[in-house]
Amino acid sequence: LSTVSIGFVAALFLRGVPGLQSILHPPALLACTLPSGLLCVAQMLHYGALEALEPEEVAVAEKVQLVLAALLSSGVLGRRYTPQQWAALLVVTLATLCFVQVQSAGSIA
């Protein structure tokens, strides 16, 4: 709630009443509703996962969340990422998977 309030105050302060009207415009609200709703669900699932899963599994799930967020922002919001940004996301995800594999192998031995 505080984040929304800060956004309203910032829009009002920076652009006046037209700025406030622009963020309350239905297409703008609709464009933000899906990603923010999905993020809310993801955060609730994350807290549940912290109780039910091993830390390594949670780390992998967080990296998958990064990839999904990038794909959704690209598809839903039309955000464009450079090949370097996609490569960095891939490297982080693969490094996490490798780390989990090493941790799993160490706990078995």
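Relevant structure appears above.
Rules used throughout
Residues numbered from 1 in each chain as written. Predicted model: local features only at pLDDT ≥ 70, side-chain atom pairs only at ≥ 80, totals over all residues. Heavy atoms only, no water. Helix = DSSP H or I, 4+ residues; strand = E, 2+ residues; numbered from the N terminus. Buried < 20%, exposed > 50% of the residue type's maximum accessible area, 1.4 Å probe, protein only. Contact = heavy atoms within 4.5 Å. Lys, Arg positive; Asp, Glu negative; His and termini not counted. Charge placed at Lys NZ, Arg CZ, Asp CG, Glu CD. Polar contact = N/O pair within 3.5 Å; in protein donor to acceptor, adjacent residues only side chain to side chain.

J.: Before we go on, may I ask you to explain the overall build of the protein chain in this structure?
T.: In terms of helices and strands, the protein chain carries four helices and zero strands. Going from the N terminus to the C terminus, the protein chain shows its helices and strands as α-α-α-α. For the protein chain, the C-alpha atoms occupy an extent of roughly 65 × 35 × 20 Å along the three principal directions. Taken across its 109 residues, the protein chain has 11% of its residues classed as buried. Expressed as a percentage of contacts within the protein chain between residues at least 6 apart in sequence, the contacts between residues at least 24 apart total 35%. Across the protein chain, the 4 positively charged side chains and the 5 negatively charged ones have centroids separated by 28 Å.

J.: Looking at this model, I keep getting lost on the side chain of S73. Mind explaining?
T.: Within the secondary structure, S73 is located in helix α3 (residues 55-75). Classification of S73 by relative accessible area gives buried; the value is 12%. Only 2.5 Å separates the side chain of S73 from the side chain of Y81, close enough to count as a polar contact. With residues near it in sequence (within four places) discarded, S73 still touches G78, R79 and Y81.

Everything listed here is a matter of geometry and, on its own, says nothing about what the molecule does.
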